[in-house]
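A look at the structure
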Amino acid sequence: MPPTPGSHAWGGGELKATAPVAGTSLTSQAVADQLCASSFGADFRMTEFHDAGGWGMWANGTLPTGTRFWTAINDQPANPWS
């Protein structure tokens, strides 16, 4: 699927959310990725802000309205572990 106008783009995969976790439990990218892999399978990892261009993402999957989730960002100290 091609990117859409504006800041939303195709993330290229499936989006799922784990059970809620405190940000303080995500002490590194590796810990966050392992939580995703343990919950959903070896191919899953924490999404990164730039996976779909930032600010908006289209992906396979269905999240309930109002679902909030942690997202990593690789070029700023704005992660739970930063």
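Counting from 1, residues in each chain are numbered in the order their sequence is written. Residues qualify for local features only when their pLDDT is at least 70, as the model is predicted, and side-chain atom pairs are given and counted only at 80 or more; totals for whole chains, interfaces and linings, by contrast, use all residues. Only hydrogens and water are removed before side-chain values are computed, so all heavy atoms of the structure are retained for them.

With that settled, the discussion passes to the pairing of strand β2 (residues 57-60). Of the strand pairs in this sheet, strand β1 (residues 9-14) and β2 are connected by three bridges, and their pairing is parallel. Among the inter-strand pairings, E14 is bridged to a residue of β2, identified as N60. Orienting the strands away from the viewer, one traces the path from the first strand over the helix to the second; a clockwise path indicates a right-handed crossover. By definition, any uninterrupted DSSP run of H or I lasting at least four residues is a helix, any uninterrupted run of E lasting at least two residues is a strand, and each is numbered from the N terminus. In the classification by handedness, the crossover that spans β1, the intervening helix α1 (residues 29-40) and the parallel β2 is right-handed. Strand pairing is assigned whenever DSSP detects at least two bridges linking the two strands.

In the sections that follow, a salt bridge refers to a side-chain nitrogen of Lys or Arg positioned within 4 Å of a carboxyl oxygen of Asp or Glu. Summed over all chains, the structure comprises one salt bridge. A salt bridge links D51 to R45, with the nearest nitrogen and oxygen atoms 3.1 Å apart.

The next subject is the environment of T47. Positionally, T47 belongs in the loop between α1 and β2. Sequence separation between T47 and F69 is 22 residues; the distance between their C-alpha atoms is 9.4 Å. A polar atom in the side chain of T47 sits 3.1 Å from the side chain of D51. N or O atoms closer than or at 3.5 Å make up a polar contact, with two conditions inside protein: a donor-capable atom paired with an acceptor-capable one, and, for residues adjacent in sequence, both atoms drawn from side chains.

Right, let's talk about the confidence of the model for the chain for a bit. Per residue, pLDDT captures the predictor's confidence, and it can take any value from 0 to 100. When pLDDT is averaged along the chain, the result is 87, and 90% of the positions lie at 70 or above. When mean pLDDT is taken per element in the chain, α1 scores highest with 97 and β1 scores lowest with 77.

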